[in-house]
Structure formats: structure tokens, C-alpha cells
Amino acid sequence: MATLEIRDLYVSVVDAADQSREILRGVDLTVKDGEIHAIMGPNGSGKSTLAYAIAGHPKYRVTQGSVTLDGEDVLSMSVDARARAGLFLAMQYPVEVPGVTVSNFLRTAVTAVRGEAPKLRVFLKEMREAMAALSIEPQFAERNLNEGFSGGEKKRHEILQLELLNPKFAILDETDSGLDIDALRVVSEGVNRFGAQPGHGVLLITHYTRILRYVKPDFVHVFVGGRIVDEGGPELAETLEAEGYEKWIKAAAGAAA
Amino acid sequence: MAGLQGAVESAAPVSRLHEHHSADLADFPVPTGREEEWRFTPLRRLRGLHGDQPLEAGKVTVEADTAPGVSAERLARGDTRYGTAFMPADRVSARAYASFDEGTVITVPPDTDVSGPTVLSVRGEDAGGAAFGHTLIEVGRHARAVVVLDHAGSATYADNVEFVVGDGASLSVVSVQDWAADAVHLSQHQARVGRDATFQHTVVSLGGGVVRLAPSVSYSGPGGAAELLGLYFADPGQHLEHRLFVDHNQPHCRSRVDYKGALQGDSAHSVWIGDVLIRPEAVATDTYERNRNLLLTEGARADSVPNLEILTGEVVGAGHASTSGRLEDQHLFYLMARGIPLDEARRLVIRGFFGQLIAKIEVPELRERITTAIENELARLPGLQGSPAQSRPAQSPPAQGSPA
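Residues numbered from 1 in each chain as written. Chains lettered and ligands numbered in written order. Predicted model: local features only at pLDDT ≥ 70, side-chain atom pairs only at ≥ 80, totals over all residues. Heavy atoms only, no water.

**Quick word on the overall build of chain B**
Inference 1: Looking only at helices and strands, one finds five helices and 16 strands in chain B.
Inference 2: The buried share of chain B, taken over its 404 residues, is 56%.
Inference 3: Residue pairs at least 24 apart in sequence account for 86% of intrachain contacts in chain B once pairs closer than 6 positions are excluded.
Inference 4: For chain B, the computed accessible surface area is about 15,600 Å², with 49% contributed by carbon and sulfur atoms. (Helix = DSSP H or I, 4+ residues; strand = E, 2+ residues; numbered from the N terminus. Buried < 20%, exposed > 50% of the residue type's maximum accessible area, 1.4 Å probe, protein only. Contact = heavy atoms within 4.5 Å. Areas by Shrake-Rupley, 256 points an atom, 1.4 Å probe, with all protein chains shown as cover.)

What follows is the structure in C-alpha cells.
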């Protein structure tokens with residue numbers, strides 16, 4: 001059993017002028033292994049902030065609340081320790097790292113997460129198979145990390161890392177945005193492969209319902225104004241598809257007034 | 001357009017980048033440190049090389065290990081072959097040219113395709129006295145060769161290196177400055193690149209207290225290509241200075257300058273001057289120069305000054321870029337978010353930073369050696385402080401007035 005538990009989480013972002021702005025205002029969420037949770041919300045509602053705060057991005061400051069992974073305090077861990085503890089963030093905008101090849105990066109990351117270096121031959125085989133499953137050309141292994149990759153290629157590489165690093169929980173930050181239909185299918189299959197394995201949970205953050213045709217969530221949370229304002233099963237996504245976020249935005253505005 | 005000689009020797013320089021050349025030491029007054037060309041250099045650490053007082057004799061030996069087909073000779077000063085492609089451009093260079101007794105001449109006969117590098121090992125044995133040297137490397141037309149200048153040991157050394165690259169020839173040079181910490185080395189490298197010839201010049205500066213290297217290139221015919229690469233790693237107290245000058249004095253020539261440095265520790269100092277001059281006659285020039293510095297710790301300083309002067313409207317391309325900064329937080333965050341510890345993430349990024357340059361070096365053994373040297377430098381990196389991507393305290397105190 002694995003549990004990712006977020007309690008009463010308040011997070012502020014520190015901007016370039018060193019001004020602090022509160023983005024998350026009391027998020028409560030529990031994700032267990034075997035579950036797929038979708039977090040849906042309009043732009044600017046704080047969905048990505050939740051993802052980055054869990055991963056430990058230095059730009060975000062937790063001002064209140066807790067995040068635990070199987071009872072361990074995630075917020076006291078460094079970014080890399082969180083990843084080794086079993087959290088994975090698939091980023092919306094993966095960065096390009098010049099001069100670092102995909103294969104070198106993957107092997108270094110796998111070594112760090114597993115605690116020992118995999119045998120080169122075994123690793124290369126594993127990497128090639130994972131790449132093939134995501135329709136990634138083998139020569140990408142020798143390219144520099146994310147350098148010159150298309151949007152779809154970057155997202156597929158995020159899922160490649162997810163599959164090789166094999167965390168307990170995957171947090172997917174708008175992995176579906178900017179993907180054409182084929183890439184969306186390939187990426188969704190990867191997420192489903194991951195989610196189907198025992199001990200894995202998924203937190204899928206998205207703006208659109210499109211990906212939910214391929215990745216079936218067990219729970220849907222509506223995220224507005226820095227908190228979860230409604231929860232339900234997959235049927236909630238259908239309501240969102242038909243009606244949009246309007247009624248929740250209005251309700252949140254009403255509550256704040 | 002006036003001929004090359006006319007342009008070079010005209011009394012009024014065609015531009016502010018035009019270098020002052022003379023074999024006469026008296027033409028270069030003792031610098032005070034306020035001169036543009038000396039303002040970054042710690043004169044008081046030069047042990048008098050720039051001054052006018054007599055200096056004790058030091059000892060630097062030069063040994064040549066030539067590839068088959070290449071000859072090496074020691075020729076006394078005054079030999080007529082010296083100075084074909086060289087004329088001193090500053091006081092220390094002029095002093096070295098006026099003071100060396102015997103120089104080294106490496107000759108690659110025309111049409112010789114040499115496999116394997118020719119290595120000149122320059123070894124300093126005593127930094128207490130000053131030593132002067134001169135080297136001529138001449139590659140005949142349509143010949144092809146690789147030369148390594150390998151500097152190590154303790155020395156107070158000023159020298160000049162001239163490269164004559166014949167028409168259609170190809171010369172790749174790697175100059176490694178791996179001196180002991182007490183070494184002071186000032187050097188001018190001047191290349192004359194022939195018609196349709198290729199010149200690759202790579203500088204690797206790792207060791208030495210003060211290293212000031214000034215590579216320059218001019219062309220003796222159209223169609224020449226020069227690639228000037230540099231890699232340096234400055235440690236505490238080290239002064240590593242590279243002053244590039246590309247003189248586009250012929251049409252249809254190409255140049256690329258790419259220097260990368262990392263600095264760590266108190267008073268680690270690097271200087272990069274990138275001067276590119278495109279003369280009126282140098283139509284269809286294609287040039288780009290770039291310098292990037294990684295400041296790995298507080299207290300290090302990188303000076304980077306690109307200068308591009310274009311005197312013709314008909315260039316193919318001319319550009320420059322200079323960046324100096326810390327490792328990018330977003331790179332480190334991305335790698336750490338995949339479980340890679342901060343130290344390792346930093347090393348990965350720095351290796352990647354230099355790796356692209358190292359891959360261009362034509363001597364495999366040297367690529368390995370430089371990679372190892374960089375690894376050694378990285379192993380010396382102190383407890384990596386100061387990065388916001390590091391672990392943070394569990395929680396900041398609750399914000400003032402938490403919302404209900």
C-alpha cells in the first residue's frame with residue numbers, strides 16, 4: 001500500500017521582485033496506489049503550482065499544511081530525495097540541457113533512484129524497449145536532453161522517464177497539452193501501463209477532458225482558486241466537458257465575496 | 001582595395017582593433033596596467049616579464065615527438081624562417097622575440113597527410129628565473145597535420161608561436177596549459193591561413209598561476225577557415241586570460257570562435273577578449289564568436305569582452321555572443337526531480353557544457369586526458385553551496401494571516 005497525502009496545503013509563489021503571492025489555499029487530497037486521480041481546472045487555478053510544490057521547486061514556498069508519502073514528510077526532503085522516495089513529476093515544459101545525452105541522463109537518474117548502477121547492457125536493453133513502446137526513435141538516446149525536441153517528443157520522453165524510474169506516484173502536469181492525437185494516444189498508453197502495475201498511483205493534472213478518453217480516472221477533482229471545490233467519479237468529467245468551469249468559478253467568486 | 005601589405009603597414013590603423021606590431025621592444029613602453037590590452041592582467045604577478053629590468057635565467061625545455069613525415073629542428077634566433085607569419089604585438093611578446101636563443105621549427109612537407117599527432121612537450125623546471133621561447137609550425141600546401149603543444153611544470157615563460165598554413169592545407173593545433181600552480185606563462189600564437197586552408201586551434205588552460213594566451217589569425221588568401229576553440233577551468237587565485245584576434249583581411253574566409261570556461265573559488269579570474277575585424281576587402285566573410293562562462297561559486301570573476309568591427313557591408317554572417325552566469329536552476333531542478341543529487345546534477349551539466357567542445361578535438365588521447373582533467377577539477381569542487389535548488393527547510397513560517 002502506498003499513500004500520497006496532501007493536507008491543508010497553502011503555497012505561495014515568489015516572483016522576480018521577491019513578492020510573495022498565495023496560490024494554493026488549503027488543498028486536501030489523498031491518492032492511493034491503484035488509483036488514478038484527475039485534477040481539472042481553468043488556467044491560473046493553481047494546478048501546476050500543486051505539482052511543483054509537491055516536487056519541491058524552489059520558486060514555491062509552502063506556508064502551511066503537509067505532504068506525506070507513506071507517512072514520510074515530503075516537504076522536508078530535497079528535490080532529489082523526493083524523487084528517490086517515489087514521486088515523479090512529468091513536467092509541462094521539460095527543459096533542454098545542452099551536452100547531456102538522453103542515455104547518459106537516464107542511466108544517471110536510474111542509478112540514483114535505484115541506488116545502484118544497472119549493468120550497461122541490461123540498461124540499454126531496458127531503455128530501448130521502453131523507447132520502442134513509446135514510438136521514440138532509437139537515435140534519440142544520443143541526442144542532448146530535450147534539445148530540439150518537438151512538444152510531442154518532449155512529452156513522450158517524460159513518460160519514458162516515468163516508466164524507467166518506476167516511482168510510486170506519478171504527477172502529470174498537463175502532459176496532454178500540445179499533443180496531436182497520435183502522441184496523445186502513445187502517451188496515454190504509457191500512463192495506463194504505469195497505472196496498471198501494482199503499487200502505482202497517478203495524479204493527472206489537465207485543463208482538457210480529451211486525455212480522459214484514454215486514461216480513465218477513478219476520481220475527478222475540480223480545482224478552482226487554489227483549492228479543490230468539487231469531487232466525484234468519472235461522470236464529473238463529463239459534466240465539465242458539457243458545461244465548462246463556469247459554475248464553479250462563479251461559486252468560488254461568490255464564496256470569496 | 002589596397003593590398004594586404006598596404007593595409008597592414010598604413011600609418012593610420014584601419015580600426016581600433018588593428019593591432020600594433022613591431023619587432024622593436026622599444027616600440028612597446030612598459031605597461032602600467034591602465035592600457036586597454038593590459039588592464040585585466042595582474043602585472044605584479046608577471047615577475048617582471050613586462051618590465052625593463054634584466055631577469056635571472058630560468059629553465060624551460062622543449063622536446064618534440066614527431067609523427068612520421070614531420071620534421072623538428074632547433075634553429076637559432078635570426079634564422080630567416082622566423083617571422084614569416086609573426087610580429088610581436090605587445091611588450092612581453094616583443095621581449096620574448098628579442099630574447100630567445102633557440103627556437104623550435106616543425107615542418108610538414110607539402111602534400112603530406114600525417115597520421116597521428118606531433119607533440120611538443122614544453123617543460124618548466126624553475127619558475128625562479130625567466131625563460132623565452134619561439135616556435136614555428138609550417139604546414140606545406142595540401143598537407144594535413146595535428147600538433148599538440150603540451151605545457152607543464154614550473155616556469156616564468158614568455159614565448160611566441162607562429163603557424164604558417166599553406167594553401168589547401170589543414171592544421172589542427174591543441175595547446176594545453178597544464179602548468180604547476182606557480183607558473184606564469186604569456187604567449188602569442190599567430191597564424192597565417194592560406195588560400196582554402198583550414199586551421200583549428202584549441203586552447204585548454206587548466207593549470208598555472210597566470211596564463212595569458214593571445215591567439216590570432218589572419219589569412220593569406222581567400223577561402224580560408226579558422227576555428228578557435230578554448231576551454232578553461234579557473235581555480236582559486238588563478239588568472240587565465242585569452243585574447244583572441246581574428247583579422248579578416250581576405251574575402252570569402254570563415255572564422256568561428258568558441259570559448260567556454262568554468263570558474264570556482266575565491267579570486268578565480270578569467271578574461272576573454274574576442275576581437276574580430278572584418279576589413280573592407282574581406283567581402284563575404286562568415287564569422288561568429290562566442291564565450292560562455294560558468295561561475296560555480298561566489299568570489300570568482302569572469303571578464304568577457306567581444307568586439308566585432310565590420311568595415312564592409314557585404315558579409316555572409318557576423319555575430320558574437322557572451323554569457324557568464326551560474327548553473328541554471330531550471331537545469332538542476334529538472335535533473336534533481338529525477339532523483340539525481342545536486343552535486344551529481346552539477347557535474348552532469350558542467351560535463352555537458354565542456355563535452356561539446358572536447359568532442360571537436362581531433363586527438364582521441366587528448367580528448368580522454370582533458371575529460372579526465374575536467375573530472376579532477378570537478379572532484380575538487382567544494383561542498384556545493386548557494387544553489388536555491390538545494391534542499392530547503394520543511395516549511396517557512398506560516399504566512400501572515402493565513403486565509404480562513
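So that's the structure; there's more coming.
**Focus on the overall build of chain A**
Inference 1: Regarding its fold elements, chain A presents eight helices and 12 strands.
Inference 2: Over its C-alpha trace chain A gives a radius of gyration of 18 Å, about what one expects of a compact globule, namely 18 Å for 257 residues.
Inference 3: In terms of its C-alpha atoms, chain A occupies a principal-axis envelope of roughly 60 × 40 × 40 Å.
Inference 4: Per-residue burial for chain A yields a buried fraction of 56% across its 257 residues.
Inference 5: Considering only contacts in chain A between residues 6 or more positions apart, those separated by 24 or more positions represent 70%.
Inference 6: Split by element, the accessible area of chain A, about 10,700 Å² in all, is 50% carbon and sulfur. (Rg over C-alpha atoms; globule rule 2.2 N^0.38 Å.)

**Observations concerning the pattern of salt bridges**
It is possible for side chains of opposite charge to pair when their charged atoms get near one another.
Inference 1: Counted by the stated rule, this structure contains 33 salt bridges over all chains.
Inference 2: Where R185 of chain A meets D182 of chain A, a salt bridge forms, and the shortest distance between an N and an O atom there is 3.6 Å. Of the two residues, R185 of chain A and D182 of chain A are both situated in helix α6 (residues 181-196); the distance of three residues between them amounts to about one turn of the helix.
Inference 3: A salt bridge links R81 of chain B to E73 of chain B, with the shortest nitrogen-to-oxygen separation between them at 3.4 Å.
Inference 4: It is possible to trace a salt-bridge network through shared partners that takes in D90, R212, E241 and R243 of chain B. (Salt bridge = Lys/Arg side-chain N within 4 Å of Asp/Glu carboxyl O.)

**As for the interface of chain A and chain B**
Inference 1: Opposite the 47 residues of chain A that make contact, chain B presents 32 residues.
Inference 2: Both faces considered, chain A and chain B share a buried interface measuring about 3,100 Å² in area, 63% of it formed by carbon and sulfur atoms.
Inference 3: Interface area lost by chain A to chain B is led by P58, V79 and V95 of chain A, which between them contribute 16%.
Inference 4: At the junction of chain A and chain B, the tally comes to one salt bridge.
Inference 5: R338 of chain B is the partner of E158 of chain A in a salt bridge, and the nearest nitrogen-oxygen pair spans 2.6 Å.
Inference 6: Inspection of the chain A/chain B interface yields eight residue pairs in polar contact (both at pLDDT 80 or more).
Inference 7: For the side of chain A that touches chain B, the per-class residue count stands at 24 nonpolar, 13 polar and 10 charged. (Buried area = accessible area lost by both parts, 1.4 Å probe. Polar contact = N/O pair within 3.5 Å; in protein donor to acceptor, adjacent residues only side chain to side chain. Nonpolar A, V, L, I, M, F, W, Y, C, P; charged D, E, K, R; others polar.)

**Remarks on the pairing of strand β9 (residues 210-219) of chain B**
On a regular strand, one side chain projects to one face of the sheet and the next to the other, so that they alternate.
All names here are of chain B.
Inference 1: The buried fraction of β9 is high, at 10 of 10 residues.
Inference 2: Of the two faces of β9, the one holding V210, R212, A214, S216 and S218 and the one holding V211, L213, P215, V217 and Y219 are both buried throughout.
Inference 3: Bridge analysis of strand β7 (residues 184-193) against β9 gives 10 bridges, and the strand direction is parallel. Paired with R192 across the strands is S218, a residue of β9.
Inference 4: As judged from the seven bridges shared by β9 and strand β11 (residues 239-248), these two strands associate in the parallel manner. Looking at β11, one finds that S218 is bridged to D247. (Pairing = 2+ DSSP bridges.)

**Things to note about the pairing of strand β11 (residues 219-224) of chain A**
All names here are of chain A.
Inference 1: For β11, the tally of buried residues reaches five of six residues, placing the bulk of the element in the interior.
Inference 2: As defined by bridge partners, strand β3 (residues 36-40) adjoins β11 across four bridges and the pair is classed as parallel. Residue pairing in the sheet places M40 in a bridge with V222 of β11.
Inference 3: In this structure, the hairpin formed by β11 and strand β12 (residues 227-232) is closed by a connection of two residues, where G225 is found at a positive phi of approximately 60°.

**Description of the sheet that holds strand β2 (residues 20-32) of chain A**
Residue and element names in this part refer to chain A.
Inference 1: Here we have four strands laid out as an open sheet, ordered β2-β1-β4-β5, and antiparallel in their pairing. Edge positions in the sheet fall to β2 and β5 (72-73), since each of these pairs with one other strand and no more.
Inference 2: By the bridge criterion, two bridges tie strand β4 (residues 60-69) to β5 in an arrangement that is antiparallel. When the sheet's bridge partners are listed, L69 is paired in β5 with E72.

**Regarding unusual backbone geometry**
Inference 1: Unlike most non-glycine residues, N146 of chain A shows phi in positive territory, near 65°.
Inference 2: Within the secondary structure, N146 of chain A is located in the loop between β8 (144-145) and α5 (151-165).
Inference 3: The buried category is assigned to N146 of chain A, whose relative accessible area is 0%.
Inference 4: Phi at S267 of chain B is positive, roughly 60°, even though this residue is not glycine.
Inference 5: Its location among the elements puts S267 of chain B in the loop between β12 (254-263) and β13 (269-278).

**Observations regarding the packing of aromatic side chains**
Inference 1: A complete count under the given rule lists 11 aromatic pairs over all chains for this structure.
Inference 2: Centre to centre, the rings of Y52 of chain A and Y60 of chain A are 6.1 Å apart; their planes meet at 25°, and the pair counts as stacked.
Inference 3: Overall, the relative accessible area of 13% leaves Y52 of chain A in the buried class.
Inference 4: Members of the aromatic cluster, connected to one another through ring pairs, are Y82, F86, Y97 and F100 of chain B.
Inference 5: We note R77 of chain B situated over the ring of F100 of chain B; from NZ or CZ to the ring centre the distance is 5.1 Å.
Inference 6: Sitting over the ring of Y334 of chain B, R338 of chain B keeps its end group 5.1 Å from the ring centre. (Phe/Tyr/Trp six-rings, centres within 6.5 Å; stacked < 30°, edge-to-face > 60°. Lys NZ or Arg CZ within 6 Å of the ring centre and 35° of its normal.)

**So, the environment of V165 of chain B**
All names here are of chain B.
Inference 1: Relative to the elements of secondary structure, V165 occurs in strand β5 (residues 144-165).
Inference 2: Given a relative accessible area of 2%, V165 falls into the buried group.
Inference 3: Along the primary structure V165 and A191 are separated by 26 residues, whereas in three dimensions their C-alpha atoms are 7.4 Å apart.
Inference 4: With residues up to four places along the chain from it excluded, the contact list for V165 reads V139, S170, L171, R192, V193, G194, A197, T198 and F199.

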